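Residues per chain, in single letters:
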Amino acid sequence: MNDSSWGAPPRTGYWGTPDQGPGRGAPPAGPAYDAQDALLPSETRPMPIVPDVPVSGSDQDDGRGVTRTGGPLFRDEPPQEPMPSAPQPAPAAPQPSQPPQKKSAGRDLGAAIGVGVGLGAVIIASLFIVKAVFIGVIAVAVVVGLWELTSRLQERKAIKAPLVPLAVGGAAMVVAGYVRGTEGAWVAMALTALAVLVWRMTEPPEGYLKDVTAGVFAAFYVPFLATFVALMLTADDGPQRVLTFLLLTVVSDTGAYAIGWRFGKHKLAPRISPGKTREGLVGAVTFAMAAGALCMEFLIDGGAWWQGLLIGLAVAASATLGDLGESMIKRDLGIKDMGTLLPGHGGIMDRLDSLLPTAPVVWLLLVVFVGSG
């Protein structure tokens, strides 16, 4: 350690004669020192205690400590007050618990009921007044259903199933079934498929196979299955048979919806239709079997209640499978509904999904139990 650490360097103005050099320990004159601070020659100035820390920056030692001219503080500077910490945000007030949300039907229930009642009135009136008018209602529903199906196929999959031969052949199929029975229905189906194959030949061959395949599928799925409703109507108690078919299908769907909405917890086919539950299927079977027993006992000539139980069970199964089948088609197409023609219901095909596969089942069981009449 050099001498500068003990005090300031000697300057002019020391006490004593000019020829005396600066005396050891002689204090300099001026306001920096008072006379009483002078040290005797025999005394030594105590060495200041310096903390064993490095001096950084441009700190300079003047004998009394460190004077900082740059860099961080290490010795004689008074400790700085710590910076106040930033105020912590107050904890958020607990939010009131939200009441559990009620289950929603997912559709406009009022519009659905209104449209359903209106369609039911048209069907019942035409069914019991003039049978031919009811055949016309079936034909119109078939044509509209074919239009919805072929339109969605073209929009979503670029499949061009020819609509003109399908619409003409589909309407003819329903009329042929009513006039000529099962033979007329099969002949009309074959001719419609042939018309689809020929009609598609007027366009380029690219996509021919998928277009005609979709066309034949559409002819079978919509008009051919609907023909069994016309076959039921040909019996002497035809209106009662058709009414039984309609009631059982509607009651099955209603039971599935009511029980599934209220008690449904276990999914029936989550990958196909997430809304359907096993509890809903139980409701469909229960409601349909009860309605079947009543219809066979009071509407069908020669029917028995136990036959109605079996028909109701079969209707619940076929209606559910039909609904799942169309759900598969709509999932493959990436759509929710086939159309928007019926508010609260979707399209015509969204109402025919459970009716179409149920028609041949009810027709066959009625023929087995009470004959073709």
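Counting from 1, residues in each chain are numbered in the order their sequence is written. This being a predicted model, a pLDDT of at least 70 is required before a residue's local features are given, and a value of 80 or more before pairs of side-chain atoms are given or counted; all residues contribute to the totals for chains, interfaces and linings. Excluded from the side-chain calculation are hydrogens and water; included are all heavy atoms of the structure.

Trainee: Would you mind going over the overall build of the protein chain in detail, with residue names and values included?
Mentor: Strands are runs of DSSP state E lasting at least 2 residues, helices are runs of H or I lasting at least 4, and numbering of each runs from the N terminus. On a plain count of helices and strands, the protein chain comes out with nine helices and four strands. Going from N to C terminus, the protein chain has its helices and strands arranged as β-β-α-α-α-α-α-β-β-α-α-α-α. For the protein chain, buried positions account for 36% of its 373 residues. The buried label goes to any residue with under 20% of its type's maximum accessible area, the exposed label to any with over 50%, and the partly exposed label to all in between, with areas taken from a 1.4 Å probe on protein chains only.

Trainee: Requested: an account of the packing of helix 4 (residues 208-233) against helix 9 (residues 355-370), with residues and values cited.
Mentor: Helix axes use the C-alpha atoms of the stretch in contact, all axes being lines fitted to C-alpha atoms, and the angles between their N-to-C directions lie in the range 0 to 180 degrees. In contact at an axis separation of 8 Å, helix 4 and helix 9 are set at 35° when each is read in the N-to-C sense. The hand of the helix 4/helix 9 crossing is left-handed. Two secondary-structure elements touch here, helix 4 through Tyr221, Val222, Leu225, Ala226, Phe228, Val229, Leu231 and Met232 and helix 9 through Leu356, Pro357, Ala359, Pro360, Val362, Trp363 and Leu366. Basically, the charged four are Asp, Glu, Lys and Arg, the nonpolar ten are Ala, Val, Leu, Ile, Met, Phe, Trp, Tyr, Cys and Pro, and anything else, Gly included, counts as polar. Counted by class, the contact of helix 4 with helix 9 contains 15 nonpolar, no polar and no charged residues. By the definition used in this description, the sense in which the near helix is turned from the far one sets the handedness, with an anticlockwise turn below a right angle giving left-handed and a clockwise turn giving right-handed. Contacts are assigned to residue pairs that have any heavy atoms within 4.5 Å of one another.

Trainee: Residues and numbers for a nonpolar patch on the surface, please.
Mentor: A patch is a set of surface residues, each over 30% in relative accessible area and not in a salt bridge, joined within 9 Å for like charges and within 5 Å for the nonpolar side chains Val, Leu, Ile, Met, Phe, Trp and Tyr. Only the protein chains shown count as cover for residues, and all accessible areas are computed by the Shrake-Rupley method using a 1.4 Å probe. A side-chain nitrogen of Lys or Arg and a carboxyl oxygen of Asp or Glu constitute a salt bridge if their distance falls within 4 Å. A cluster of nonpolar side chains, Val187, Leu191, Leu194, Leu197 and Val198, forms an exposed patch at the surface whose accessible area comes to about 440 Å². Structurally, Val187 is set in helix 3 (residues 163-200).

Trainee: I'd like a rundown of the packing of aromatic side chains, residues and numbers included.
Mentor: Side-chain rings of Phe, Tyr and Trp (the six-membered ring for Trp) are treated as a pair once their centres are within 6.5 Å; stacked means planes under 30 degrees apart, edge-to-face means over 60, and tilted covers the remaining angles. For the structure shown, the criterion picks out six aromatic pairs. Between Phe224 and Phe228, the aromatic rings sit 5.6 Å apart at their centres with planes inclined by 85°, giving edge-to-face as the arrangement. Remark: Phe228 and Phe224 occur in helix 4; sequence separation between them is four residues, near one turn of the helix. For Phe224, a relative accessible area of 4% puts it in the buried group.

Trainee: A description of the nonpolar core should follow, citing residues and the corresponding values.
Mentor: Residue types Ala, Val, Leu, Ile, Met, Phe, Trp, Tyr and Cys, when buried and joined through side-chain atoms within 4.5 Å, form a set referred to as a nonpolar core. With 56 residues, the main nonpolar core has Ile138, Val229, Met232, Val242 and Phe245 as its most contacted residues. When residues in this core are grouped by element, the largest group, 15 residues, is from helix 4. Among residues more than four places away in sequence, those in contact with Val242 are Leu127, Phe134, Val229, Met232 and Leu233.

Trainee: Which residues make up the packing of helix 2 (residues 131-157) against helix 4, and what are the values?
Mentor: Orientation of helix 2 relative to helix 4, taken along the N-to-C sense of each, is 160°, at an axis distance of 10 Å. Comparing the axis directions of helix 2 and helix 4 gives the class roughly antiparallel. Judged by the twist between their axes, the crossing of helix 2 over helix 4 is right-handed. Contacts from Lys131, Phe134, Ile135, Ile138, Val142, Leu146, Leu149, Leu153 and Lys157 of helix 2 reach helix 4 at Lys210, Ala214, Phe217, Ala218, Tyr221, Val222, Pro223, Ala226, Val229, Ala230 and Leu233. In the contact of helix 2 with helix 4, the residues fall into 17 nonpolar, no polar and three charged. An angle counts as roughly parallel when it lies under 35 degrees, as roughly antiparallel when it exceeds 145, as roughly perpendicular when it falls between 65 and 115, and as oblique in every other case.

Trainee: Account for the side chain of Ser252, with residues named and values stated.
Mentor: Along the chain, Ser252 falls in helix 5 (residues 238-263). Exposure remark for Ser252: the relative accessible area of 1% places this residue in the buried category. What Ser252 contacts, discounting residues up to four positions off in sequence, is Ala284, Ala288, Val315, Ala316 and Ala319.

Trainee: Which residues make up the pairing of strand 4 (residues 273-277), and what values go with them?
Mentor: We call two strands paired when DSSP finds no fewer than two bridges between them. As paired elements, strand 3 (residues 267-269) and strand 4 share two bridges and run antiparallel to each other. Bridged to Ala269 within strand 4 is Ser273. The hairpin formed by strand 3 and strand 4 contains three residues between the paired strands.

Trainee: Could you give an account of the environment of Thr340, naming the residues involved and the relevant values?
Mentor: Inspection of the secondary structure assignment puts Thr340 in the loop between helix 7 (305-333) and helix 8 (348-352). Accessibility expressed as a relative area gives 75% for Thr340, which makes it exposed. Along the primary structure Thr340 and Glu148 are separated by 192 residues, whereas in three dimensions their C-alpha atoms are 9.5 Å apart. Residues in contact with Thr340, not counting those within four places in the same chain, are Gly346 and Gly347.

Trainee: How would you explain helix 2 if you had to name every residue and give the values?
Mentor: The end-to-end C-alpha separation of helix 2 is 38 Å, in line with the 39 Å expected for 27 residues at 1.5 Å each. Phi turns positive, to about 55°, at Ala158, one or two residues after helix 2. By definition here, a helix of n residues has an expected span of 1.5 Å times n minus one.

Trainee: Which residues make up the side chain of Thr277, and what are the values?
Mentor: Looking at the secondary structure, you find Thr277 in strand 4. On the basis of relative accessible area, Thr277 is assigned to the buried category, the value being 8%. Reaching out from Thr277, the side chain makes a polar contact with the backbone nitrogen of Gly280 at a distance of 3.0 Å. Setting aside residues no more than four positions away along its own chain, Thr277 makes contact with Gly260, Gly264, Lys265, His266, Lys267 and Leu268. For the purposes of these results, a polar contact is taken to be a pair of N or O atoms within 3.5 Å, where, inside protein, one atom must be able to donate a hydrogen and its partner to accept one; residues adjacent in sequence count only when each atom of the pair is a side-chain atom.

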